[in-house]
Amino acid sequence: MKEYKTVEFESKNEFVEKKSRFIGYVKPVKTQEEATNFINSIKSKHWDATHNVSAFVLRENNIQRSSDDGEPSGTAGVPTLDVLLKENLVDVCVVVTRYFGGTLLGAGGLIRAYSHASKIAVEAGHIITMAPCKILSVSVDYSFYDRLNILLSDFNANIENSEFTDNVAVTFSIRENTVPLLQDKLTQQSNGKYILKEIGEKFAKVE
């Protein structure tokens, strides 16, 4: 499977346009049910809002959905969805809540406002790249631990666990196509003393 981009965590951001308040919410989701639950939770939270516009994209079956929630057709849900598509994001849901401020924005103004609310929400959620990774472990002497940390950092490895006993056992995930090069570097720096042990695989953050 190929790598993909999503957001790292649930977040929000907001702005005001001609006295209308726009609050953009974003959350990583895996299923249509998760997306629907998130949308409903925001609607429940902002039951008194004028609109709760939503959009989500799922990697599974390439599902794309959007809702104008009462705004003129094409001025809210589609622009919100377009932000996700232009950023090539998947497994993500955005809800933009609007409290009407009394001034009509017009079709162009609505499109710009919902696009902006979606974009700042996505940025607040922190865009990351997920890729097929190997989960590896290696046990090293304390004297080599700092060098190992530098080496893993150079390869954008995500350290998942470190156990400090007679030596240091480190478990981490790393993009699978970089494993051979990492082993080569580790062999060079440790004069062949340390060997990586593969213990699994998963999709994980690589940048």
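A brief report on the enclosed structure follows. For clarity, every value in this text was computed on a predicted model and none was experimentally measured.

1. Things to note about the pairing of strand E2 (residues 11-17)
Pairing of E2 with strand E3 (residues 20-28) involves 7 bridges; the strand directions are antiparallel. When the bridges of E3 are listed, asparagine 13 appears paired with glycine 24. Between the antiparallel neighbours E2 and E3 lie 2 residues, among them lysine 18 with a positive phi of about 50°.

2. Here's the deal with the environment of cysteine 133
Examined against the element boundaries, cysteine 133 turns out to sit in strand E7 (residues 127-140). For cysteine 133, a relative accessible area of 1% corresponds to the buried category. Sequence separation between cysteine 133 and threonine 171 is 38 residues; the distance between their C-alpha atoms is 13 Å. Excluding anything up to four places from it in sequence, cysteine 133 contacts Ser173, Ile174, Arg175, Glu176, Gly200, Glu201, Lys202, Ala204 and Val206.

3. Here's the deal with the pairing of E7
Counting buried residues in E7 gives 12 out of 14 residues, a clear majority hidden from the surface. Summarising the sheet, strand E1 (residues 4-7) and E7 pair through 4 bridges and their orientation is antiparallel. In the strand pairing of E7, threonine 6 is matched with isoleucine 128. Of the strand pairs in this sheet, E7 and strand E10 (residues 197-205) are connected by 8 bridges, and their pairing is antiparallel. Paired with leucine 136 across the two strands is glutamate 198, which belongs to E10. By the bridge criterion, 8 bridges tie E7 to strand E9 (residues 168-175) in an arrangement that is antiparallel.

4. What about unusual backbone geometry?
The phi torsion of most residues other than glycine is negative, and most of the peptide bonds are trans. In this structure, histidine 126 takes a positive phi of about 65° despite not being glycine. With respect to the helices, strands and loops of the structure, histidine 126 is situated in the loop between helix H3 (106-124) and E7. Despite not being glycine, asparagine 156 has its phi angle at roughly 55°, a positive value. Taking relative accessible area as the criterion, asparagine 156 reaches 49% and is therefore assigned partly exposed.

5. Points about the side chain of histidine 51
Structurally, the position occupied by histidine 51 is in strand E4 (residues 51-58). In this structure histidine 51 comes out as buried when scored by relative accessible area, which is 11%. Polar contacts involving the side chain of histidine 51 include one to the main-chain carbonyl oxygen of aspartate 69, which spans 2.8 Å. At a separation of 3.4 Å, a polar atom in the side chain of histidine 51 contacts the side chain of glutamate 71. Contacts of histidine 51, omitting those with residues within four sequence positions, involve Asp69, Gly70, Glu71, Val96, Thr97, Arg98 and Tyr114.

Conventions we followed
- Residues numbered from 1 in each chain as written.
- Predicted model: local features only at pLDDT ≥ 70, side-chain atom pairs only at ≥ 80, totals over all residues.
- Heavy atoms only, no water.
- Pairing = 2+ DSSP bridges.
- Helix = DSSP H or I, 4+ residues; strand = E, 2+ residues; numbered from the N terminus.
- Buried < 20%, exposed > 50% of the residue type's maximum accessible area, 1.4 Å probe, protein only.
- Contact = heavy atoms within 4.5 Å.
- Polar contact = N/O pair within 3.5 Å; in protein donor to acceptor, adjacent residues only side chain to side chain.

Any functional reading would require information that these geometric values do not contain.
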